[in-house]
Amino acid sequence: MSEEKQDKPLESMERRLFLQRTSLLSGLLALGGGSYLLKPKDGWAAAPIKVGIATDLTGPIGYAGVPNANIAKLVIEEINASGGLIGRPIQLIIEDTATNEQLAVTRVRKLVQRDKVDVVFGGITSSMRNAIKDTIVNRGKTLYIYPQLYEGLECTKYLYCTGPTPAQQCDTFIPWLIKNGGKKFYLPSADYVWPHVLNKYARKVIEKHGGEVIGEEYFPVDHNEYSAVVNKILSSGVNVVFNTTIPPGTPVFFKQLYEAGFQKKGGRLACVYYDENTLNITPANEIEGLASCLDYFKAVNDPFGNALYDKFAKQFGTKNPLAAGSAVTGMWRGLNLWAEAVKKANSVKRDDVAKALETAKLEDGPGGPSEIVPGTQHTAMHMYIAVAKAGKYEIVERSPGLVQPGECV
Amino acid sequence: MILGIRNAKEARCQGELRDPMSFVPFLFDVLAYSAIFVLVVLGLGVIASMMGIFNFAHGEFVLLGAYTVYVLQQTGVPSWVGMITAPFAVAMVGLLLERLAIQRFYATPIVAMLGTYAIAMALREAVRALLGGRFYNVDAPLVGAFVLGELSISKWRTVIIIITVIVMVLSWLLLTRTKFGLQVRASLENPALARASGISTSRVYAATFTFGAALAGLAGGLMVPIYSISADMGVPFLIKSFLAVMLGGVGSFEGSIVGAALVGATSAALPWAIKPVVADLLVFVIAIVIVKFRPQGLLSLGRR
C-alpha cells in the first residue's frame, strides 16, 4: 500500500521503541517459557530422583500432551505420598515440546544436560520420538520411555515402549473385522510414518486371513476433501474402511462416507486410535458401528481403571480424560513399570534400571495387568475391541490374557 | 498408467468417472468444495484487494466464526442462530483488532503480515486452550443427504453452495453499486485524493476490514458442521486462499473469487484422477504456471 497513508514515526521515536521492545523481548527470554518444576514436599533427607517429562502441552498434539503430564503428576504424587522410591522423593520436571521437533530437542537437551534427570518419559507422535531419542539415549546416556501406540520397529537400546504395537492392535482385530464386516478392505491414510508402517502390517494380516486390500491411499496430513476416495470405496463394494487418516481430515472423511451411505449399505468403519477423546469429533450417528482396538476403554469397566479414571477426572477435570488413544494409559504403565524396576534394582543408574525393567511386571492397571517382554523393550498388555454405539463404546471382545507386542524379537 | 494404481481393481475404480452414477457426485463435490473455498476467500480477498493487507489471521477469523456457533450450541441455542450470530461476533473482533493494531500496519504491508500472523497465533492458541485441544462436532441445521436412487447429495453442502452464491452477489453489489463501495474503491486507488474529497479513509478501512472479518465469520459458521471445530481449523485453508488471491489478481474483488473457484475446483477434482499427495502439490504447480504467464492475475483488468 502507498506510503502516504500514515506519516512515518520520528527517528528518535523509533530508536526508543526499538530499545523498549528489545528489553521486553530479552526479559521474556530470560524468564523462559514452557518449563514446569514440581518439587516434592519438604521433609526428605535424601536427594530427589529426577523424572523428566517431555510432552506436547501446546500445539495440535496438546490434547494428548496435557493429560500425559497430568497422569505423571498423579502417579508421582502417589509414589511420594507412599514414601517415595528407595527412600528418595521424586521430583518431576515437565518440559513443553509444543508439537515442534526442533524446539523439543533443545528442551530435552536441557532435561538431560542441565537438570540431569534420571529418566525421560514422553513424546506422542513418532516424529517426536525420532527427534528426541538420540539426545536422550545416545548423547544423554539416559533411559527413555515412550508411551504412545505406534507403528513398531523401534528397537533402540534403553528405549522402552509402553503403548500398543501393530501386532497388539491388528492380530485379533482384523480377523474380527473380517468376521463382522467383510473381506474387502480399504486403507485411507494420512501421509506420514505411522499409517505407512501400520498399513504394511495390516495388509499382511488381512491377506493372511483371506481378506483383500482393494485400495491403500495416502492423503496430505491436513487434507480436507475426500469425495474421490469415498466414491471409490462405495463403487468397489468395500466392506471395511480401515482408517488411518488423522484430524482435521478425519471428521470430513467420516461425514462424507456416512452421507454417501457407506454404513447403510453394511460397511464397517475401523480406526485403531479411536478412544473417548475422539468420539465427539463427529455426530454419534456418523460413526455408529465404528470399531477400535486399544489397551483401555472406560467401557472395560475394570475396578482399577474405574478408580483411576475417577481420581484423574476429580483432579484434572474431564476436558482431557484418561484415554488410551492419547497415550495416558501408556504413560501410567511406563511410570509404574519404571518405579517397579527402580525398587527392584535399588538404584536409578541407567543400566541397573534397564536390567530390572526387563522383568518388570504390574499386577493391575487401567485395562488389566502388563509386563515388559524380556529382550524386546516392549510391553505385553490386555487388548480390547470396542464398537461405538450411540456415542459410547461397547466392548465386544476382550483378550483372554496378555497380548504379545511382537516387536524386536 | 495413471499414478497411484496398485492393481487392476484400483484401475477400475479410477476409470469410473465416465459412469454417470459417479459423474454426478464428482460434479457436486467439486462444486461444493469450490463454494466453501470461495466463501473462505471472499473475506480475505476483500481485505487484500481493497486495502493491500494480507491478513494472516483470516483463518483464525474463520475459526472464531466456527467457535461462536459451537459455544452457542453448547448453551442450547440451535446452530442456525449461531450461524447468523457468527458474522456479527467476528465483525466486532475484527473491528477491535483493526482499531487496536491493524490500522498501524497500513503503511507497511510486510509488518502487517507479521502482525496479523502474531494475532493469528494468539487467537488460535486461545481457542485451543478453551477447547482443550480437542475436536468437537457441531450439528448442521440440515443433516443427512438427499437420496435419489443410488445417488446421495449432502444437504448441508447444497445449502452452502446456495448461500455462497447469494453472499457473492451481495458483496459484489455492495462494493460496486453502493456509496460505501465507491468510497472503498476511491480510498484504494488514491487515498490522498479520497481524503481531500472528504472521505474518512481511516473509517473506510476500518469498515472494510470489519466487513472482511464478518465474511470470514460467516464462512466459519457455515463450514463448522462439515469440518468439526478445532483450533487448527483455519490453517489448511490459509495458504491455498493466498494462492487463490494471487491467482485471481490482487487488485480485484472478482479476481479473488475466480481464483478461489479455480483453486477449490482443482483441489477437489485432481484426487479423482491422481494420488491425493501429488494432487495437493499439483494445485500449486498449476497456479504458479498460470501466474508465470499472467503475473498480474487472471482478472487484472478488474477495477484498477
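All figures in this text were calculated on a predicted structure; none of them were measured in a lab. (Residues numbered from 1 in each chain as written. Chains lettered and ligands numbered in written order. Predicted model: local features only at pLDDT ≥ 70, side-chain atom pairs only at ≥ 80, totals over all residues.)

> Looking at this structure, how should I read the overall build of chain B?
The helix and strand tally for chain B stands at 12 helices and two strands. Traced from its N-terminal end to its C-terminal end, chain B shows the element sequence α-α-α-α-α-β-β-α-α-α-α-α-α-α. The C-alpha atoms of chain B give a radius of gyration of 20 Å, which matches the 19 Å a tight globule of 304 residues would have. In terms of principal-axis extent, the alpha carbons of chain B reach across some 70 × 50 × 35 Å. Relative to its 304 residues, chain B shows a buried fraction of 51%. Taking the contacts inside chain B whose residues are at least 6 apart along the sequence as the reference set, 76% of them involve residues at least 24 apart. (Helix = DSSP H or I, 4+ residues; strand = E, 2+ residues; numbered from the N terminus. Rg over C-alpha atoms; globule rule 2.2 N^0.38 Å. Buried ≥ 20, exposed ≤ 12 C-beta atoms within 10 Å, placed from the backbone. Contact = placed C-beta atoms within 7 Å.)

> Before we go on, may I ask you to explain the overall build of chain A in this structure?
Helix and strand counts for chain A stand at 12 helices and 16 strands. Here the C-alpha radius of gyration of chain A, 23 Å, is about what a compact globule of 409 residues would show, namely 22 Å. The dimensions of chain A, computed from C-alpha atoms along their principal axes, are 75 × 70 × 40 Å. With 409 residues in all, chain A has 56% of them scored as buried. The contacts in chain A between residues at least 6 apart in sequence include a share of 72% that link residues at least 24 apart.

> Any chance you could explain the packing of helix H7 (residues 179-189) of chain B against helix H9 (residues 201-227) of chain B here in plain terms?
How two helices pack is summed up by the angle between their axes together with the distance between the axes. All names here are of chain B. Closest axis-to-axis distance for the H7/H9 pair is 10 Å, and the angle between their directions is 115 degrees. Overall, the two elements H7 and H9 adopt an arrangement that is roughly perpendicular. When the axes of H7 and H9 are compared, the crossing they make is left-handed. Residues Gln183, Val184 and Ser187 of H7 form the contact with H9, whose own contacting residues are Thr201, Val204, Tyr205 and Thr208. Broken down by class, the residue content of the contact of H7 with H9 amounts to three nonpolar, four polar and no charged. (Axes fitted to C-alpha atoms, helices over the stretch in contact; angles between N-to-C directions. Parallel < 35°, antiparallel > 145°, perpendicular 65-115°, else oblique. Left-handed = near helix turned anticlockwise from the far one by under 90°. Nonpolar A, V, L, I, M, F, W, Y, C, P; charged D, E, K, R; others polar.)

> Is there a simple way to explain the pairing of strand E8 (residues 212-219) of chain A in this structure?
When a strand is regular, its side chains alternate between the sheet's two faces. Taken across its eight residues, E8 of chain A has seven buried, putting it largely inside the fold. Tracing the backbone out of strand E7 (residues 184-190) of chain A, into helix H7 (residues 193-208) of chain A and back to the parallel element E8 of chain A gives a crossover that is right-handed. (Right-handed = clockwise from strand over helix to strand, strands pointing away.)

> Looking at this model, I keep getting lost on the environment of tyrosine 117 of chain B. Mind explaining?
Residue and element names in this part refer to chain B. Turning to its location among the elements, tyrosine 117 is positioned in helix H5 (residues 109-131). Tyrosine 117 gets classed as partly exposed once you count the C-beta atoms within 10 Å, which come to 16. Counting along the chain gives 59 residues from tyrosine 117 to histidine 58, while the straight-line C-alpha distance between them is 9.2 Å.

> How should the nonpolar core be read in this particular structure?
One broad rule of soluble globular proteins: the nonpolar side chains tend to lie buried together. Ranked by size, the top nonpolar core spans 216 residues in total, and within it Ala72, Val120, Val241 and Trp338 of chain A together with Ala66 and Val90 of chain B carry the most contacts. Considering every element that reaches this core, the biggest residue donor is helix H2 (residues 20-51) of chain B, with 17 residues. Per-domain counts for this core show at least three residues from each of domain 1 (35-164 + 302-381) and domain 2 (167-299 + 388-398) of chain A. With residues up to four places along the chain from it excluded, the contact list for alanine 72 of chain A reads Ile53, Leu92, Phe121, Met331 and Leu335 of chain A. (Core = buried A, V, L, I, M, F, W, Y, C linked by C-beta atoms within 7 Å. Domains from an automatic or database assignment.)

> Please explain helix H12 (residues 276-293) of chain B as it appears in this structure.
Residues spaced three or four apart along an α-helix point in a common direction, a consequence of the helix completing one turn every 3.6 residues. Helix length check: H12 of chain B, at 18 residues, gives a terminal C-alpha distance of 26 Å against a target of 26 Å (1.5 Å per residue), a fit within 8%. Within H12 of chain B, the full set of buried residues consists of Pro276, Ala279 and Val283 of chain B. If you follow the buried residues of H12 of chain B, they end up packed against E8 of chain A together with helix H11 (253-269) of chain B. (Expected span 1.5 Å × (residues − 1).)

> Quick question: what am I supposed to make of the interface of chain A and chain B here?
Where interface size is quoted, it is often the accessible area lost as the parts come together. Residue-level contacts link 44 residues of chain A with 44 residues of chain B. If you list the elements that add at least two residues to the side of chain A that touches chain B, you get helix H2 (62-81), E8, helix H8 (227-235) and helix H9 (249-259) of chain A. Here the side of chain A that touches chain B takes six residues from E8 of chain A, the largest share from any one element. Of the residues in the side of chain A that touches chain B, the class split is 16 nonpolar, 16 polar and 12 charged.

> I tried to follow the domain arrangement of chain A on my own but got confused; where do I start?
All names here are of chain A. If you check the domain split of chain A, you get domain 1 (35-164 + 302-381) and domain 2 (167-299 + 388-398). Placing a centre on the C-alpha atoms of domain 1 and another on those of domain 2 gives a separation of 29 Å. With 20 residues of domain 1 at the contact, the number on the domain 2 side is 17 residues. Residue assignment for the side of domain 1 that touches domain 2 shows that the elements contributing at least two residues are helix H4 (126-139) and helix H10 (303-316). The residue makeup of the side of domain 1 that touches domain 2, split by class, is 11 nonpolar, eight polar and one charged.

> Is there a simple way to think about the sheet that holds strand E14 (residues 378-381) of chain A in this case?
Residue and element names in this part refer to chain A. If you trace the three strands from one edge of the open sheet to the other, you get E12-E13-E14, paired in antiparallel fashion. Bordering the open sheet on either side are strand E12 (361-362) and E14, each of which pairs with just one other strand. Summarising the sheet, strand E13 (residues 370-373) and E14 pair through four bridges and their orientation is antiparallel. By the bridge assignment, glutamate 371 is partnered in E14 with alanine 380. (Pairing = 2+ DSSP bridges.)

> Even after reading the chapter, I still don't get the environment of proline 89 of chain A, so can you show me in this structure?
Residues and elements named next belong to chain A. Of note, proline 89 is situated in the loop between H2 and strand E3 (90-96). Classification of proline 89 as buried rests on a count of 21 C-beta atoms within 10 Å. Sequence-wise, proline 89 and alanine 388 are 299 residues apart; in three dimensions their C-alpha atoms are separated by 42 Å. Setting aside anything within four residues of it in sequence, one finds proline 89 in contact with Pro40, Trp44, Pro48, Asn80 and Gly84.

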